[in-house]
Amino acid sequence: MASSPRPAATAAAHRRGLIQRPPSAQAYLSAAAALLVLAAWGISKADGAAWPVANPVVTCAEVEDAGFPSSFVAKPFLFLQGDAIYMFFETKNPITSQGDIAAAVSEDAGVTWQQLGVVLDEEWHLSYPYVFTYKNKVYMMPESSKNGDIRLYRALDFPLKWELEKVLLEKPLVDSVIINFQGSYWLLGTDLSSYGAKRNREISIWYNNSPLSPWIPHKQNLIHNTGKMLSTRNGGRPFIYNGNLYRVGKGQGGGSGHGIQVFKVEILKSNEYKEVEVPFVINKQLKGRNAWNGARSHHLDVQQLPSGKLWIGVMDGDRVPSGDSVHRLTIGYMIYGVVLILVLVTGGLIGTINCSLPLRWSLPHTEKRSGLFNVEQRFFLYHKLSSLISNLNKLGSLICGRINYRTCKGRVYVVVVMLILVVLTCVGTHYIYGGNGAEEPYPIKGKHSQFTLLTMTYDARLWNLKMFVEHYSNCASVRDIVVVWNKGQPPAQGELKSVVPVRIRVEDRNSLNNRFNIDSEIKTKAVMELDDDIMMTCDDLERGFKVWREHPDRIIGYYPRLSEGSPLEYRNERYARQQGGYNMVLTGAAFMDHGLAFKKYWSKEAEVGRQIVDSFFNCEDILLNFLFANASLTSTAEYVKPAWAIDMSKFSGVAISRNTQAHYHVRSKCLAKFSEIYGNLTAKRFFNSRGEPGAVKSTAQTAPRGAIVNDTPLYAII
């Protein structure tokens, strides 16, 4: 059985994911898993982007790019026609907040989607575009409860043009579906307007021998679900599996639900209906806010492919809960308020702030007043104000000068309070300015992707590794982590806390060349080589990944270096900035195409270079920079400036480059040797300013090269 989920559409908070797997009662669907089937087929139209394409694959931004701005997309339904997969979904107008029905099409099994825009627009809110066929005609039954009825539309020019076929029921049903089962057509929907209706807990059923015939109400309407946590409101298309009918319902927890429940329909007759919930689990998104459906998924549509062997499906989801922005702002400003109060109290305690208010604030004004009542009222208010100021001054006298900051004890108090203020300020700032999309992956041409994080380490750095894996496994685009274990006893799998798969690759010998060993088990095109003692934000990783996807033939790194002079000297980033350029990036923090980079590194041409790396136990990153530059007439490396990065080796004391001067001296020797073999690498590279973090700006100049290497244009990025 194929088990490969696939994403499909997002909103300001909503996104959809496409999945492939037989929807059995015991099915486990993971919207973050890779497209195993599609990857095996080799289907990809993601020009220049990394494989595999990841969740979500259709977003609000794409709907807007098609000329139809959207603030919300949800409730998707699929329709198969030949080799094309059509997706119909609700899109919300950001100005009117009215829902319309939009469509997208994929001709490569769901890898890429072309937006077709809004295909059905009425004067009222539309949602839940249930699409089906009847007698070789295509029909759509969207929710139109705001208009007080349920309508059936027929495609005149599929999928763009629809006309009203008939009004099926004069009832404001929501989330309605029609299913052909056991020789009859059944219409199931929820009427939230009926007297005594309990939200999401009751369903109405109608039946007939044709979806176009007058519908006959079920004898048990309204049908009540007795389970406290069960919902009868539909959450997708019913499906038949092994001869049994299953109904998809919305989980309890809000107007749109916070989960998906599946029910097996045991009895469906004109006078009796019975269903039972069956086990159905969607793997929890352990990345939380960083996952496209970290908050919820509340709609699922599955269909069996014509081959009968596979199922294809689509689901929606939220990255953050509804109202999250207001919630975060409220908490953030409350924390700021606490900080302000602490500043005032602390200032009073150490005597830097006057704790008394001037009594003149409460004195009445002497200008002429009209009316005795007005004068008496004002004097009464002044009296009250005077009493309040007097009480505040009494409180202030208890605070003022209580701490002598000139004493040792007083200074400790002040330092502790200052630390508390700093922490509270950081937390408040995080709540106000955090959660603004910084945790999200950056799309290229509307598509998201994933990469493998690879680090090389040994037993003395296990402390670094544990923190490294726990932190980076939560980054949105990290699919797997590979630990190249060079020396000592490797950790047990359970010692590394991660929300993504971690593979420990134990090497036979301790060599820096192991960093670039060809590894057929790496499933992504992109590999992020990152030393286990470097800690940076997930957003910095995502920005670098975005730049690499724009230039997948280059090395995209975070630490620029400059080699220059005669003899050649290895220079750091500060010196490179002073000189206005760089010509290398460290591969200890860099994105690359592992198929391209690792093949270059283990080529016949690089054999002598690898021997030099082993002899110095250093310079493997310099060698890769030379190999890339040697094989290209264009830019081969780009620099992305991280917002911040911490070198944890300063705390652990196990870095190779503890002695910076000696480390740079060895690297200068490597530069001289590599230049003799692979040509000169002293071209000046310019740092150009840019507005948006991660954007690329290039300059086109040429640099003199050796006999083996041709001229290379210059490049730059900040």
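The rules we used
- Residues numbered from 1 in each chain as written.
- Predicted model: local features only at pLDDT ≥ 70, side-chain atom pairs only at ≥ 80, totals over all residues.
- Heavy atoms only, no water.
- Patch = residues over 30% accessible without salt bridge, like charges linked within 9 Å, V, L, I, M, F, W, Y side chains within 5 Å.
- Areas by Shrake-Rupley, 256 points an atom, 1.4 Å probe, with all protein chains shown as cover.
- Salt bridge = Lys/Arg side-chain N within 4 Å of Asp/Glu carboxyl O.
- Helix = DSSP H or I, 4+ residues; strand = E, 2+ residues; numbered from the N terminus.
- Buried < 20%, exposed > 50% of the residue type's maximum accessible area, 1.4 Å probe, protein only.
- Pairing = 2+ DSSP bridges.
- Contact = heavy atoms within 4.5 Å.
- Axes fitted to C-alpha atoms, helices over the stretch in contact; angles between N-to-C directions.
- Phe/Tyr/Trp six-rings, centres within 6.5 Å; stacked < 30°, edge-to-face > 60°.
- Lys NZ or Arg CZ within 6 Å of the ring centre and 35° of its normal.

(A) Examining a nonpolar patch on the surface more closely. Taken together, the side chains of Val412, Val416 and Ile420 present a nonpolar region at the surface, about 240 Å² in accessible area. With respect to the helices, strands and loops of the structure, Ile420 is situated in helix H5 (residues 408-433). On the basis of relative accessible area, Ile420 is assigned to the partly exposed category, the value being 42%.

(B) Seen up close, the sheet that holds strand E33 (residues 569-571). Strand order in the open sheet made by the three strands is E33-E32-E34, with antiparallel pairing throughout. Looking at which strands have only one partner, the edges of the open sheet turn out to be E33 and strand E34 (584-585). Two strands pair when backbone bridges link them, and strand E32 (residues 560-564) and E33 are joined in this way by three bridges, in the antiparallel orientation. From the neighbouring strand, Glu564 faces E33, where its bridge partner is Glu569. Contacting E32, E33 and E34, helix H13 (residues 660-678) crosses the sheet at an angle of about 125 degrees to E33.

(C) Highlighting the sheet that holds strand E18 (residues 239-241). In spatial order, the strands read E18-E19-E20-E21; together these four strands make up an open sheet with antiparallel pairing. Unpaired on one side and paired on the other, E18 and strand E21 (272-278) mark the two borders of the sheet. Sheet twist, expressed as the mean angle between neighbouring strand axes with direction ignored, is 40 degrees. Sheet topology places strand E19 (residues 244-250) next to strand E20 (residues 260-269); six bridges connect them, and they run antiparallel. Within E20, the position partnered with Lys250 by the bridge is Ile260.

(D) Representation of the pattern of salt bridges in the model. Scanning the entire structure with this criterion turns up 27 salt bridges. Notably, a salt bridge pairs Asp519 with Arg503, separated by 2.8 Å at the nearest N-O pair. With Asp519 in the loop between strand E28 (502-506) and strand E29 (526-530) and Arg503 in strand E28, this residue pair connects regions lying 16 residues apart in the sequence. Since its relative accessible area comes to 7%, Asp519 is described here as buried. A salt bridge links Glu573 to Arg577; its shortest N-O distance comes to 3.4 Å. Placement of the pair is Glu573 and Arg577 together in helix H8 (residues 573-579), with a separation of four residues, close to one helical turn. Using a relative accessible area of 32% as the deciding quantity, one classes Arg577 as partly exposed. Put simply, Arg503, Arg505, Glu507, Asp519 and Glu521 are held in one network by salt bridges that share partners.

(E) Here's a closer look at the packing of aromatic side chains. Under the counting rule described, the total for this entry stands at 27 aromatic pairs. With centroids separated by 5.9 Å and ring planes inclined at 25 degrees, the aromatic side chains of Phe132 and Tyr139 adopt a geometry described as stacked. Owing to a relative accessible area of 9%, Phe132 belongs among the buried residues under this scheme. Here Arg549 stacks its cationic end above the ring of Phe545, 5.5 Å away from the centre of that ring. We note Arg571 situated over the ring of Tyr575; from NZ or CZ to the ring centre the distance is 4.2 Å.

Fair warning: the whole summary comes from geometry, so function is off the table for now.
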